[in-house]
Amino acid sequence: EIQLGDWSSDVCSSDLLFMVYNSAIATPKYGDRAYFYGILDAGILAGTLTQMAAALGLGSCCIGEMKASAAETYLTLRPEQKYLFCMEFGVPCQT
């Protein structure tokens, strides 16, 4: 079960971004290497988003350890779609 709530008292506003792999789109082009390339692309995207968030004064966190089946249910993914990981972005509170 996924529970959303107060993750940190140091963050005044946050958003989640879920990364999902879709085999129906990737497999016809890349065959049996498609999932591997999907993971690589997600990692490149995560790195780029982390750098951009920092440049904009936002905090970010990659959340890799999560119950994938719970995330897939929460997101109502189809069988050909697989949850990869999640990122959280937040605006630090002004003190």
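For the structure, see preceding data.
Residues numbered from 1 in each chain as written. Predicted model: local features only at pLDDT ≥ 70, side-chain atom pairs only at ≥ 80, totals over all residues. Heavy atoms only, no water.

A. Representation of unusual backbone geometry in the model. At Thr-76, a position not held by glycine, the phi torsion is positive, near 50°. With respect to the helices and strands, Thr-76 occurs in the loop between helix H3 (68-74) and strand S3 (81-92). (Helix = DSSP H or I, 4+ residues; strand = E, 2+ residues; numbered from the N terminus.)

B. Broad picture of the nonpolar core. Of all hydrophobic cores here, the largest spans 15 residues; its most connected members are Met-19, Tyr-21, Ala-42, Tyr-83, Leu-84, Phe-85 and Met-87. Elements that contribute at least two residues to this core include exactly strand S1 (11-22), helix H2 (34-55) and S3. By residue number, the principal contributor to this core is S3, which donates 6 residues. If sequence neighbours within four positions are ignored, Ala-42 has contacts with Met-19, Leu-84 and Phe-85. (Core = buried A, V, L, I, M, F, W, Y, C linked by side-chain atoms within 4.5 Å. Buried < 20%, exposed > 50% of the residue type's maximum accessible area, 1.4 Å probe, protein only. Contact = heavy atoms within 4.5 Å.)

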